[in-house]
Amino acid sequence: MAKVLVATEKPFAKEAVDGIRKVVEGAGFELALLEKYTDKAELIKAVADVEGLIVRSDKVTADVVEAAKNLKVVVRAGAGFDNLDLAACTAKNVVAMNTPGQNSNAVAELVFAFMLHLTRNGFSGTAGTELKGKKLGLHAFGHIGKIVARIANGFGMEVYAFSPSLARNPELGKEHGVTAVKVPEELYDKCDIVSLHMPANADTKQSINYGLMNRLPEHGIIINTARKEVMNEADLVRIMNEKPRFKYATDIAAGNHAELVEKFGTRVLASTKKMGAQTSEANVNAGIAAATQIVNYINKGDRTFQVNK
Ligand code: 3PG
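The structure reproduced in this document is the subject of the present report.

Conventions we followed
- Residues numbered from 1 in each chain as written.
- Predicted model: local features only at pLDDT ≥ 70, side-chain atom pairs only at ≥ 80, totals over all residues.
- Heavy atoms only, no water.
- Pairing = 2+ DSSP bridges.
- Helix = DSSP H or I, 4+ residues; strand = E, 2+ residues; numbered from the N terminus.
- Axes fitted to C-alpha atoms, helices over the stretch in contact; angles between N-to-C directions.
- Contact = heavy atoms within 4.5 Å.
- Buried < 20%, exposed > 50% of the residue type's maximum accessible area, 1.4 Å probe, protein only.
- Polar contact = N/O pair within 3.5 Å; in protein donor to acceptor, adjacent residues only side chain to side chain.
- Parallel < 35°, antiparallel > 145°, perpendicular 65-115°, else oblique.
- Left-handed = near helix turned anticlockwise from the far one by under 90°.
- Nonpolar A, V, L, I, M, F, W, Y, C, P; charged D, E, K, R; others polar.
- Phe/Tyr/Trp six-rings, centres within 6.5 Å; stacked < 30°, edge-to-face > 60°.
- Lys NZ or Arg CZ within 6 Å of the ring centre and 35° of its normal.
- Right-handed = clockwise from strand over helix to strand, strands pointing away.
- Near = heavy atom within 4 Å.
- Areas by Shrake-Rupley, 256 points an atom, 1.4 Å probe, with all protein chains shown as cover.
- 1 Å grid on protein atoms, 1.4 Å probe; cavity = no way out; pocket = protein on both sides within 12 Å on 5 of 7 lines; lining within 4 Å.
- Sits in = over half its atoms within 2 Å of the grid points.
- Points joined across faces, edges and corners; volume = space filled by probe spheres on them.
- Domains from an automatic or database assignment.

Turning to the sheet that holds strand β5 (residues 95-98), a few remarks are in order. Ordered by their spatial adjacency, five strands build an open sheet running β2-β1-β3-β4-β5, and the pairing between neighbours is parallel. At either margin of the open sheet sits one strand with a lone partner, and together these are β2 (30-35) and β5. Strand after strand, the sheet turns through a mean of 15 degrees between neighbouring axes, direction not considered. The pairing of strand β3 (residues 52-55) with strand β4 (residues 73-76) spans four bridges and is classified as parallel. Each bridged residue has a counterpart across the sheet, and for Gly52 the counterpart in β4 is Val73. On top of the sheet, helix α1 (residues 14-26) reaches β1 (3-8), β2 and β3; it is set at about 150 degrees to β2, its chief contact.

The following block contains the structure:
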C-alpha cells in the first residue's frame, strides 16, 4: 500500500487534513502526518518509507530527497516552489509539482488587509487616506495579481500591472481591468502602492531595489506577500530613511525586521508567521488538490503541474 506523508511545519486547518485523508485513503493509500515539527531530522526520519509527500513552505532539500528512498512524487501545496530542490528531485526521478491558483484568493484578501492597515495608520484613529482613486501597481500578474486587480477595481483604485507576458500583449490587461506597463520602472513611476506577486528565483531575488523604490512617491507603499528574498533589505532601510512617509507591509518578515521596526516603527508591518495562504478555504483547496495530484500520478502517471521538467 502506497504511503503519503503530509509534512507541515505550519499545519493545515483540520478540514483540509480531513479532506486530504479522504482522498488518500479513498484511493487505498495510507496517510501519515508530521505537523509542527521543529527539527529537520524529524522530516528526514518521516520520509523514509513514503511514495508521496505533501508540503507547504517546508524545505525539501537534497538530503530529504536522498532519505526518501521510495519517493515518487512531492507536491508543494501552494504556488511558490522555491522550497523544493528540483535538481535533487530530478536526479532521483521524483516528480515535483505545485498547486497553482488554489490559495490565491486568501493571499489577495490579505493584500487589502495590509493596505488598509497602513493607509489608516494602524487603526490608530488619526486621519489616514483612502484607497479610492489611488494608483495600485501589480508587480507580476499571475493568479493572485488578477484577484487583487478585481478587488482593487471594486475599491475604485486605478490598477496598473507589469509582467513579461502583459508587456508582450498589453491587451490581456484590459479583460482584468488593468493597464499594462512595459517595464517595472513605469509601474513604480506611476503608482502610489505596489503589491509584489513574483516568485523567488535567480531573476527576481533582490530585484526590488533602491532604483525601483525611489520611483515611488514620498507616501509610497510596498506590500510584499511574495517572498522576502525579492526585496533588497538594505535598500528598503535607505528608502525609508529618505522618504519619511514611505511604508512597508509583509507576511514574510524581512531579515532585518527588528532594525526596520526600531528605526521606522508603525511604518513597517509584518505578521508573526507567513500567513497569506493561511485560511481554511485555501488549505482545503491546496491540500485536496495536492492529494488528488499524488493519487493521479501514482495511479495514472498524470504529470499535470509538474515543475521539474
Ligand atoms: C505559496 O507559495 O503558495 C504561498 O506562499 C503559501 O505558503 P504557505 O503554504 O507556507 O502558507
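The subject of this paragraph is helix α11 (residues 233-242). Along α11, the residues classified as buried are Glu233, Asp235, Leu236, Val237, Ile239 and Met240. Residues of α11 that are buried in the fold lie against α10 (210-213), β11 (247-250), α12 (257-264) and β12 (268-270). Two or three places before Ala234, at the opening of α11, Asn232 has a side-chain oxygen 3.2 Å from that residue's backbone nitrogen.

With that settled, the discussion passes to the packing of helix α5 (residues 104-119) against helix α6 (residues 143-155). At a closest axis distance of 8 Å, the pairing of α5 and α6 adopts a crossing angle of 45 degrees. For the element pair α5 / α6, the angle class is oblique. Of the two possible hands of crossing, α5 and α6 adopt the one that is right-handed. Between α5, through Ser104, Asn105, Val107, Ala108, Val111, Phe112 and Leu116, and α6, the contact on the second element is made entirely by His143, Ile144, Ile147, Val148, Arg150, Ile151, Ala152 and Phe155. Class assignment of the residues belonging to the contact of α5 with α6 gives a composition of 11 nonpolar, three polar and one charged.

The subject of this paragraph is the packing of aromatic side chains. For the coordinates displayed, the defined rule picks out one aromatic pair. Aromatic side chains Phe112 and Phe155 sit 5.4 Å apart centroid to centroid with 5 degrees between the ring planes, which places their arrangement in the stacked category. Remark: Phe155 occurs in helix α6 and Phe112 occurs in helix α5; sequence separation between them is 43 residues. Sitting over the face of the ring of Tyr210, Arg238 holds its NZ or CZ atom 3.5 Å from the ring centroid.

As for its placement among the helices and strands, Asn308 is situated in the segment after α13 (280-300). Here Val94 takes part through its backbone oxygen, which lies 2.7 Å from a polar atom of the side chain of Asn308. Of note is the side chain of Asn308, whose polar atom sits 3.0 Å from the backbone nitrogen of Ala96. Once you skip the residues sitting within four places of it in the chain, Asn308 turns out to touch Leu86, Cys89, Thr90, Val94, Val95 and Ala96.

A few words on the pairing of strand β6 (residues 135-139). A large share of β6 lies buried, amounting to four of its five residues. Sheet topology places β6 next to strand β7 (residues 158-162); five bridges connect them, and they run parallel. Bridge pairing in β7 links Leu136 to Val159. Crossover connection from β6 via α6 to parallel β7: handedness right-handed. Both β6 and strand β9 (residues 193-196) contribute to a ladder of four bridges, which runs parallel. From the neighbouring strand, His139 faces β9, where its bridge partner is Leu196.

On to the site of the ligand, then. Every residue close to the ligand is listed here: Lys10, Arg56, Ser57, Arg76, Gly78, Ala79, Gly80, Asn103, Arg227, Lys274 and Ala277. At a separation of 2.7 Å, an oxygen atom of the ligand approaches a polar side-chain atom of Lys10. Ser57 has a polar side-chain atom sitting 2.5 Å from an oxygen atom of the ligand. Coverage of the ligand by the protein amounts to 93% of the 320 Å² it exposes when considered alone. Structurally, the ligand is housed in the largest pocket. Partitioning the shell around the ligand into residue classes produces two nonpolar, four polar and five charged.

Take the layout of surface pockets next. Volume-wise, the largest pocket comes out at about 1000 Å³. In terms of lining, the largest pocket is formed by 49 residues, of which the most central are Ala79, His197, Met198, Pro199 and Ala200. Listing elements by their share of the lining of the largest pocket, those giving two or more residues are α5, α6 and α9 (184-190). Per-element tally for the lining of the largest pocket: the top contributor is α6, with three residues. Among the residues making up the lining of the largest pocket, the classes are represented as 20 nonpolar, 20 polar and nine charged. Two domains each put at least three residues into the lining of the largest pocket: domain 1 (3-102 + 279-300) and domain 2 (104-270).

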